[in-house]
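This is what each chain is made of:
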Amino acid sequence: MIDFHVLAKEYSTPLYVYDFNYMSRQFEALKEAFKGRKSILAYAVKANSNLSVVKHFAQMGSGADCVSIGEVRRALMCGIPAYRIIFSGVGKQDHEIREALESDILYINLESDAEMQRVEMIARELNITARISVRVNPNIDAKTHPYISTGLHSSKFGVDLNSAKRMYIRAKNSQYLEPVGIHFHIGSQLTELDPIREAAEIVADLVRSLSALKINLKFFDVGGGLGVRYKNETTIEPYEYAQAILSTLTALDMTIICEPGRFLTANAGYFLTKVLYEKQNGDKRFVMVDGAMNDLIRPSLYEAYHHVNTLDKEGEKTLADIVGPVCESGDFLAKDYALPMMQHNDLLVFESAGAYGFGMGSNYNTRGRSAEVALEDGKARLIRRRESFDDIIANEREFLEANE
Ligand code: LLP
């Protein structure tokens, strides 16, 4: 049992807390599901990019799926070997491509033909051969929230099958490109297996037709997306997930790459916030807390549900919106949530907050971002200090002084 009162007292609120032992168990479970095949779990750094979290996965043998050169740097800093790092994303800048090539990462995942031409050009300048994969958009409905669904042609991600094929042929004929992998990622928070299996089948067929053209790929990268339970979702078991993918790969000797983010960190994380006030606007009850959308934006952005633990607080429950101090009506952490009467300084714990929580935070309303704490083997330690006012204005201050 985690003593949230002690943590809130020691580190103050709003606060993120991550159970590192839980992360380890999730990592092991997924790794185990793919055993029997060569596989790399490439942690999707965007889910929670705190250096201590990335290092934790590095120590477990994880690779990294990165979507900016900043994330690549984080991964390298934390000891993830370059040969287990992948760089994806629809809009890579020249300097990012150059640095990724110079760092000799496993491969760059291409999301358009235009991007391939930039990579080829930069590789030629550096006089090296760039290892690449192509992100295929299999036009599959992942049946998840539209903002995190990526496998349909209406989304900006990847390229259609025919374009992918043309890109591979071009790459094979280029002295500066070496096609080594193929990638798809149809969405996040996936709770149905069929779309994943269908996508894997389509992509595996493409791999076969490429091999008929003597383009032999080594890495079958299935993206991330494995859903977790926030409320009462039925989730996919790692074993079933792995089997669905592996069943499409008969007669193909490829290393599986999987890019889990949420599965590894979401339910390891808690967001702690304290009650400031209660108020009633007509029939509507509001509980104002010290955390806000700048700390945890998922409820505002996706109407996401996070279970709220009121700890030892008792009493009759009525519905309330839990809202933060930010000046936006969209600033809420929960809507119509059944809560007992709350008092100043009562603690609320938002669960499942370890993925896309802190990382999507901002300084909106000049609010410093929360501190982050790791829990490991029963011990707590700070892994990011709370941002101060000076931190927030650090990049602006000199300009004010220069104009005085
Ligand atoms: N690989 C690629 C190429 C991705 O785009 C993503 C997530 C992942 C892997 C990791 O997916 P995961 O295993 O975490 O589902 N902010 C949203 C989620 C955005 C996901 C973006 N891409 C949220 O809070 O739900």
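A.B. asks: What exactly am I supposed to notice about the overall build of the chain here?
C.D. replies: Helices and strands together make up the secondary structure of the chain, namely 12 helices and 17 strands. Computed over C-alpha atoms, the radius of gyration of the chain comes to 23 Å, within 12% of the 22 Å expected from 2.2 N^0.38 for 404 residues, which places it in the range of a compact globule. Classification of the 404 residues of the chain by burial places 55% in the buried group. Within the chain, counting contacts between residues at least 6 apart in sequence, those at least 24 apart form 70% of the total. Accessible surface for the chain amounts to roughly 18300 Å². Of this, 48% is attributable to carbon and sulfur atoms. Charge centroids of the chain, computed over 46 positive and 55 negative side chains, lie 4 Å from each other.

A.B. asks: For this particular structure, what's the right way to read the environment of Tyr277?
C.D. replies: Residue position: Tyr277 is located in strand E10 (residues 269–281). Note: C-alpha distance between Tyr277 and Gln343 (66 residues apart in sequence) is 6.9 Å. Here Tyr277 is in contact with Phe286, Val287, Met288 and His344, once residues within four sequence places are set aside.

A.B. asks: Help me understand the sheet that holds strand E3 (residues 63–66), please; the structure alone is not making it clear to me.
C.D. replies: Sheet architecture is closed into a barrel: eight strands sit in the order E2-E3-E4-E5-E6-E7-E8-E9, paired in parallel fashion. Taken over all neighbouring pairs, the strand axes of this sheet differ in orientation by 30° on average, direction set aside. The pairing of strand E2 (residues 39–44) with E3 spans three bridges and is classified as parallel. Its bridge partner being in E3, Tyr43 is matched across the sheet by Ala64.

A.B. asks: Would you mind going over the nonpolar core with me for this structure?
C.D. replies: Where a protein is soluble and globular, its nonpolar side chains tend to be buried together. Counting 105 residues, the largest nonpolar core has Phe34, Ile182, Phe220, Tyr241, Ile322, Leu348 and Phe350 as the members making the most contacts within it. Sort the elements by how many residues they give to this core and helix H8 (residues 193–212) lands first, with nine residues. Per-domain counts for this core show at least three residues from each of domain 1 (4–14 + 267–391) and domain 2 (34–260). Residues in contact with Leu348, not counting those within four places in the same chain, are Phe271, Leu272, Thr273, Val275, Val289, Val308, Asn309, Thr310, Ile322, Leu339 and Met342. Ranked by size, the runner-up nonpolar core spans 13 residues in total, among them Phe4, Tyr11, Leu272 and Val373.

A.B. asks: For this particular structure, what's the right way to read the packing of aromatic side chains?
C.D. replies: Two aromatic rings, taken as a pair, are described by how far apart their centres are and by the angle between their planes. Counted by the stated rule, this structure contains 11 aromatic pairs. Both rings, one in Tyr43 and one in Phe57, keep their centres 4.5 Å apart while their planes meet at 35°; by these two values the pair is tilted. Of this pair, Tyr43 sits in strand E2 while Phe57 sits in helix H3 (residues 51–59); the two residues are 14 residues apart in sequence, bridging distant segments of the chain. Measuring from ring centre to ring centre gives 5.9 Å for Phe184 and Phe220, while their planes differ by 70°; the resulting arrangement is edge-to-face. Linking Phe184 in the loop between strand E7 (177–183) and H8 with Phe220 in strand E8 (residues 219–221), this pair joins segments that are 36 residues apart in sequence. Across this residue pair, the class does not change: Phe184 and Phe220 are buried. Linked through ring pairs, Tyr16, Tyr18, Phe271, Phe350 and Phe358 together constitute an aromatic cluster. Sitting over the face of the ring of Phe87, Lys92 holds its NZ or CZ atom 5.6 Å from the ring centroid. Here the guanidinium or amino end of Lys231 rests over the ring plane of Tyr305, the centre of that ring lying 4.7 Å away.

Rules of the game
Residues numbered from 1 in each chain as written. Predicted model: local features only at pLDDT ≥ 70, side-chain atom pairs only at ≥ 80, totals over all residues. Heavy atoms only, no water. Helix = DSSP H or I, 4+ residues; strand = E, 2+ residues; numbered from the N terminus. Rg over C-alpha atoms; globule rule 2.2 N^0.38 Å. Buried < 20%, exposed > 50% of the residue type's maximum accessible area, 1.4 Å probe, protein only. Contact = heavy atoms within 4.5 Å. Areas by Shrake-Rupley, 256 points an atom, 1.4 Å probe, with all protein chains shown as cover. Lys, Arg positive; Asp, Glu negative; His and termini not counted. Charge placed at Lys NZ, Arg CZ, Asp CG, Glu CD. Pairing = 2+ DSSP bridges. Axes fitted to C-alpha atoms, helices over the stretch in contact; angles between N-to-C directions. Core = buried A, V, L, I, M, F, W, Y, C linked by side-chain atoms within 4.5 Å. Domains from an automatic or database assignment. Phe/Tyr/Trp six-rings, centres within 6.5 Å; stacked < 30°, edge-to-face > 60°. Lys NZ or Arg CZ within 6 Å of the ring centre and 35° of its normal.

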